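# Analysis of the macromolecular model
These are the residues of each chain, in order.
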Amino acid sequence: FTNDERFDGLYLNVANTTRGIEPLLDTVFSFLRRKTDFFHGPNGQDPDAAIAKVNEVLDKHVKLYQAEMNKKQKAKEAQEAKAKAKKQKAEKKKQEKAKKAAVEASKQSKSEGDGVIELGEDGGFDISNATTSTSESASTPPSQPQDDSIPSESKTVSKNNTTSNIEPKEKKEVENVSQDKKDTKDKDGDDSPPPVGNGGTVDGKYVWTQTLSELTVTSPLPENTRGRDLNVSIKKKHLKIGLKSSNQIIVDAPLTKQIIVDDSFWTVEDGNRLVVSLQKMNQMEWWDAVCAGDPTIDVTKVQPENSKLDDLDGETRQTVEKMMFDQRQKAMGMPTSDEQRKFEMLEKFKKSHPEMDFSNAKIS
């Protein structure tokens, strides 16, 4: 009987009525004292035997609790070690990729000839090769006579035309970036405040809040309602709440996402409200609604509790911090982390290929 769940509903009702661990234990020992011979035995022995039996059972459950805690701690450490190894592997792969890209860029710059001006080690432009090439060109007499028949004004006009052709391209590129930011800001919606408790309200039914790992549904009940007056069914993809006395159905609908049934439970608080705690199957995403067909919230406005970030494992915390960063960037009309990464890749590519025209390039 150490893990028997058949009597959980009964004990939850007793706990809700007694409202305290000592009164709950009083009801157990009161039953043993009044209805059984637990304290004196069939032969009227000393009550010390009853005390010893209680201590024996209590010690057994303490050991079970400690074993469960040790198991959870080991699982948490293994998960953290796995996340750390995965992160190190990703960093190593990223460094190798960057090194390979640098080698390829070096080869590309060498193959393009001496006319390319490269960046020096100090970050400035290395023009030594270009200067040497220019000097050699100046010292070598031209193979053909220069055509002096072309007026100097024509040469000047040609140079100005080249400049005017470049400037509209740069201007157009800036306009494209500004338009992209404007479109992104318009797409994100209005400036309404974030949902309270990262949840919402379904009029006449319930109020719900959520964290990354669980979801809490609170439904008002008639005064002095007890657990046995309710009909509550929690399934992997369905939730049902009803009152037996009036056959009233409060909720009877499929859930928007899956839950862990074994870790979900319900209780009646203060005799006037039902609290249902649902454990999420996927603890890396936010719900926009509890049940299908209910009003939805904007999950991009969800604000995780900063004080709980320390409780998350490394990989989950990294994901949450990325979501928070992207959310702040969107609120300011600035690019998200993914958009920044794409822009940086484009800039590197543009530097590696200066001969290409990127004025009409749009990154989506």
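Our subject in this report is the structure included herewith. The shown structure was predicted, so the numbers you read here are calculated from the model rather than taken from an experiment.

### Quick look at a nonpolar patch on the surface
Taken together, the side chains of Phe1, Phe7, Leu10, Tyr11, Ile21, Leu25, Val28 and Phe29 present a nonpolar region at the surface, about 850 Å² in accessible area. Counting only elements with at least two residues in the nonpolar patch, the list comes to helix H1 (8-18) and helix H2 (21-35). The leading source of residues in the nonpolar patch is H2, at 4 residues. Turning to its location among the elements, Tyr11 is positioned in helix H1. Given a relative accessible area of 48%, Tyr11 falls into the partly exposed group.

### Some words on the side chain of Lys280
As for its position among the elements, Lys280 is in strand S10 (residues 273-280). For the buried Lys280, which has no salt bridge, the nearest side chain bearing the opposite charge is Glu285, at an N-O separation of 7.4 Å. Reaching out from Lys280, the side chain makes a polar contact with the side chain of Gln210 at a distance of 2.7 Å. Those residues in contact with Lys280 that lie beyond four places of it in its chain are Gln210, Thr211, Leu212, Ser213, Glu214, Leu215, Gln258, Ile259, Ile260, Glu285, Trp286 and Trp287.

### Overview of the pattern of salt bridges
All told, the structure shown has 8 salt bridges when counted by the stated rule. A salt bridge links Arg6 to Asp4; the shortest N-O distance between them is 2.7 Å. A residue is classified by how much of its surface remains accessible, and Asp4, at 24% relative accessible area, is partly exposed. We note a salt bridge from Glu285 to Lys257, for which the minimum N-O separation is 3.9 Å. One end of the pair, Glu285, is in the loop between S10 and helix H6 (314-331); the other, Lys257, is in the loop between strand S8 (248-254) and strand S9 (259-269), with 28 residues separating them in the sequence.

### Here we look at the sheet that holds strand S7 (residues 238-243)
Strand pairs in the sheet, formed through backbone hydrogen bonds, run parallel or antiparallel to each other. An order of S6-S7-S8 is seen for the 3 strands of this open sheet, with the pairing classed as antiparallel. Of all strands in the sheet, those bounded by a partner on one side alone are strand S6 (230-235) and S8. Adjacent strand axes in the sheet meet at a mean angle of 5 degrees, parallel and antiparallel pairs treated alike. Bridging between S6 and S7 involves 6 bridges; their strand directions are antiparallel. Considered in S7, the bridge of Ile234 is made with Leu239.

### Thoughts on unusual backbone geometry
The phi angle at Asn224 is positive, at roughly 65 degrees, despite the residue not being glycine. Here Asn224 is to be found in the loop between strand S5 (214-220) and S6. According to the relative accessible area criterion, Asn224 is exposed, its value standing at 65%. Its identity is not glycine, yet Asn247 carries a phi of approximately 55 degrees, on the positive side. You can call Asn247 exposed: its relative accessible area is 64%.

### Some details on the packing of H1 against H2
Two elements in contact, H1 and H2, have axes separated by 8 Å at closest approach and are oriented at 120 degrees. If you check the angle between H1 and H2, you find them oblique. Our pair here, H1 against H2, has a crossing hand that is right-handed. Packed against H1, whose contacting residues are Val14, Ala15 and Thr18, the element H2 presents Pro23, Leu24 and Thr27 at the interface. When its residues are assigned to classes, the contact of H1 with H2 shows 4 nonpolar, 2 polar and no charged.

### Overview of the pairing of S9
Both S9 and S10 contribute to a ladder of 7 bridges, which runs antiparallel. Note that in S10 the partner of Ile259 across the bridge is Lys280. Hairpin connection from S9 to S10: 3 residues lie between these consecutive antiparallel strands, with Asp270 at a positive phi of about 60 degrees.

### With respect to the nonpolar core
Core analysis: the largest hydrophobic core is formed by 28 residues, its most contacted members being Tyr206, Leu274, Val276 and Val290. Counting residues per element, the ones that place at least two in this core are strand S4 (206-210), S5, S6, S7, S8, S9 and S10. Excluding residues within four positions of it along the chain, Leu274 makes contact with Val217, Thr218, Ser219, Leu221, Leu230, Val232, Ile241, Trp266, Thr267 and Val268.

### Concerning the sheet that holds S5
Read from one edge to the other, the open sheet built from 5 strands follows the order S3-S4-S5-S10-S9, with strand pairing classed as antiparallel. Each having just a single partner strand, strand S3 (200-202) and S9 make up the two edges of the open sheet. Averaged over all neighbouring strand pairs, the angle between strand axes comes to 20 degrees, with direction disregarded.

The rules we used
- Residues numbered from 1 in each chain as written.
- Predicted model: local features only at pLDDT ≥ 70, side-chain atom pairs only at ≥ 80, totals over all residues.
- Heavy atoms only, no water.
- Patch = residues over 30% accessible without salt bridge, like charges linked within 9 Å, V, L, I, M, F, W, Y side chains within 5 Å.
- Areas by Shrake-Rupley, 256 points an atom, 1.4 Å probe, with all protein chains shown as cover.
- Salt bridge = Lys/Arg side-chain N within 4 Å of Asp/Glu carboxyl O.
- Helix = DSSP H or I, 4+ residues; strand = E, 2+ residues; numbered from the N terminus.
- Buried < 20%, exposed > 50% of the residue type's maximum accessible area, 1.4 Å probe, protein only.
- Lys, Arg positive; Asp, Glu negative; His and termini not counted.
- Polar contact = N/O pair within 3.5 Å; in protein donor to acceptor, adjacent residues only side chain to side chain.
- Contact = heavy atoms within 4.5 Å.
- Pairing = 2+ DSSP bridges.
- Axes fitted to C-alpha atoms, helices over the stretch in contact; angles between N-to-C directions.
- Parallel < 35°, antiparallel > 145°, perpendicular 65-115°, else oblique.
- Left-handed = near helix turned anticlockwise from the far one by under 90°.
- Nonpolar A, V, L, I, M, F, W, Y, C, P; charged D, E, K, R; others polar.
- Core = buried A, V, L, I, M, F, W, Y, C linked by side-chain atoms within 4.5 Å.

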